[in-house]
Amino acid sequence: MIGGRKIDLALEAKELAEGSPRKTTRLPGVKAREDTLFGYPLAQVDILDRRGEQALGKPRGRYLTLTLPQLPQGREEILRGARAVAGALKALPALPAEGTVLVAGLGNRRVTPDALGPRTADALLVTRHLVEELPKDFGALRPVAALAAGVTGATGVETGELLAAVVEKLRPACLVAVDALAARRQERVCRTIQVSDTGIVPGSGVGNPRRALDRASLGIPVIAVGVPTVVEAATLCLDLLEGAGEGFDPALFRRPGAEWFVTPRNIDSEVDTLSRLLGLGISAALHVDFSVEDVEKWTC
């Protein structure tokens, strides 16, 4: 949390802490640069040491943020976005070149802004069962398993407990956790995709942090993929006030309604599109011999 604001995106944490363009940095322990990937703006923020962790309030590691100028419309735009997601994942050194990968779709399927993770899990190309049961036919594929963990209120089981048990059983080389995030700026809601190698704390962006999912807790690399689907009401108001030239007022966070979250009115269609895009992109990153078109044929 920086200045009273809950911030999931490392890019936004850096902007708020530094107030400078993304190409250079004055923050100790932080490096940042801009690039493009398949035509989309790509911001990279590397938190190098404890100084960087303290400056941004996030664990050290690499954070890549893709910006979608608009929600992809039509098949070709979705495929291009998926290629960008695959490219971002492949740019993380923590992603192993081989071995079983478990993909966890975090969130509540019954609450649309929180359903991104489970719906992404539905869109993945899963192969572990094929590799194990029909090795002659599918032995060349990478074993990929998917799990929509649900939420504690519906299952009575902490997501971290469930995933720890599954990881112990499957012994995957890596966990990829997909979750909905919260943004500081409304224009980033459903328009940015963050990929990081630092793990994730489910629910932290909406003030309900659960057990951390990271290398320390699970014993394997944990890659997080997230898209902000909500913005905190108080944070949104501050964003609008700053845009109008008004100053920062911390008292706003103590007013009734400050804890509310705002989501787009067409969130159903946006989550559907984004989960499909993420499913294709994650699958293409894991199955390196497959293009996103190949994955699309297998998952239709």
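It should be noted that the structure appears before, not after, this text.
All of the points below concern the structure found in this document.

Rules of the game
- Residues numbered from 1 in each chain as written.
- Predicted model: local features only at pLDDT ≥ 70, side-chain atom pairs only at ≥ 80, totals over all residues.
- Heavy atoms only, no water.
- Buried < 20%, exposed > 50% of the residue type's maximum accessible area, 1.4 Å probe, protein only.
- Helix = DSSP H or I, 4+ residues; strand = E, 2+ residues; numbered from the N terminus.
- Pairing = 2+ DSSP bridges.
- Axes fitted to C-alpha atoms, helices over the stretch in contact; angles between N-to-C directions.
- Parallel < 35°, antiparallel > 145°, perpendicular 65-115°, else oblique.
- Left-handed = near helix turned anticlockwise from the far one by under 90°.
- Contact = heavy atoms within 4.5 Å.
- Nonpolar A, V, L, I, M, F, W, Y, C, P; charged D, E, K, R; others polar.
- Phe/Tyr/Trp six-rings, centres within 6.5 Å; stacked < 30°, edge-to-face > 60°.
- Lys NZ or Arg CZ within 6 Å of the ring centre and 35° of its normal.
- Salt bridge = Lys/Arg side-chain N within 4 Å of Asp/Glu carboxyl O.

1. Notes on the pairing of strand β4 (residues 101-106)
Then, number 1: In terms of residue burial, β4 counts as a mostly covered element, since six of its six residues are buried.
Then, number 2: For β4 and strand β5 (residues 144-150), the ladder comprises six bridges, and the chain directions are parallel. Across the sheet, Leu106 pairs through a bridge with Gly150, a residue of β5.
Then, number 3: One ladder, built from five bridges, connects β4 with strand β6 (residues 174-183); its direction is parallel. Pairing of Val103 across the sheet is with Val176, part of β6.

2. Some thoughts on the packing of helix α3 (residues 75-90) against helix α11 (residues 267-286)
Then, number 1: Here α3 crosses α11 at 45°, and the two axes come no closer than 7 Å. Taken together, the axes of α3 and α11 are oblique relative to one another. The two elements α3 and α11 meet at a crossing, and its hand is right-handed. Within the contact between the two elements, α3 uses Ile78, Leu79, Gly81, Ala82, Val85, Ala86, Leu89 and Lys90 and α11 uses Thr273, Arg276, Leu277, Leu278, Leu280, Gly281, Ile282, Ala284 and Ala285.
Then, number 2: Looking at side-chain class alone, the contact of α3 with α11 contains twelve nonpolar, three polar and two charged residues.

3. A look at the packing of α11 against helix α12 (residues 292-299)
Then, number 1: Running from N to C, α11 and α12 cross one another at 115°; their axes reach a closest spacing of 9 Å. In terms of crossing hand, the pair formed by α11 and α12 is right-handed. Along its contact with α11, which presents Arg276, Leu280, Ser283 and Ala284, the element α12 presents Val292, Val295, Glu296 and Thr299.
Then, number 2: Here the contact of α11 with α12 is composed, by residue class, of four nonpolar, two polar and two charged.

4. Let's talk about helix α1 (residues 10-18)
Then, number 1: Taking burial as the measure, the nine residues of α1 include seven buried ones, the bulk of the element.
Then, number 2: Buried residues of α1: Ala10, Leu11, Glu12, Ala13, Lys14, Glu15 and Glu18, and no others.
Then, number 3: Residues of α1 that are buried make contact with β1 (30-37), β2 (40-47), α2 (50-56), β3 (61-67), β6 and β7 (192-196).

5. A word on the packing of aromatic side chains
Then, number 1: One pass over the structure, following the stated rule, counts two aromatic pairs.
Then, number 2: Ring centres of Phe138 and Trp298 lie 6.3 Å apart, and the angle between their planes is 80°; on these two criteria the pair is classed as edge-to-face. Of this pair, Phe138 sits in helix α6 (residues 135-138) while Trp298 is found in helix α12, placing the two residues 160 residues apart along the sequence.
Then, number 3: Assessed through its relative accessible area of 42%, Trp298 is described here as partly exposed.
Then, number 4: Ring geometry for Phe290 and Trp298: centres 5.6 Å apart, planes at 45°, overall tilted.
Then, number 5: You can call Phe290 buried: its relative accessible area is 19%.
Then, number 6: Ring pairs connect the aromatic residues Phe138, Phe290 and Trp298, which therefore count as one cluster.
Then, number 7: Of note, Arg80 hangs over the ring of Tyr40, and the distance from its end group to the ring centre comes to 4.2 Å.

6. Considering the pattern of salt bridges
Then, number 1: Inspection of the entire model under this criterion finds twelve salt bridges.
Then, number 2: For Arg33, the salt bridge goes to Asp35, with nearest N and O atoms at 3.4 Å.
Then, number 3: Judged by its relative accessible area of 38%, Asp35 is partly exposed.
Then, number 4: Put simply, Glu76 and Arg75 hold a salt bridge, and the shortest N to O gap is 2.8 Å.
Then, number 5: Residue Arg75 is classed as partly exposed on the basis of its relative accessible area, which comes to 44%.
Then, number 6: Because the salt bridges share partners, they merge into one network encompassing Arg75, Glu76 and Glu296.

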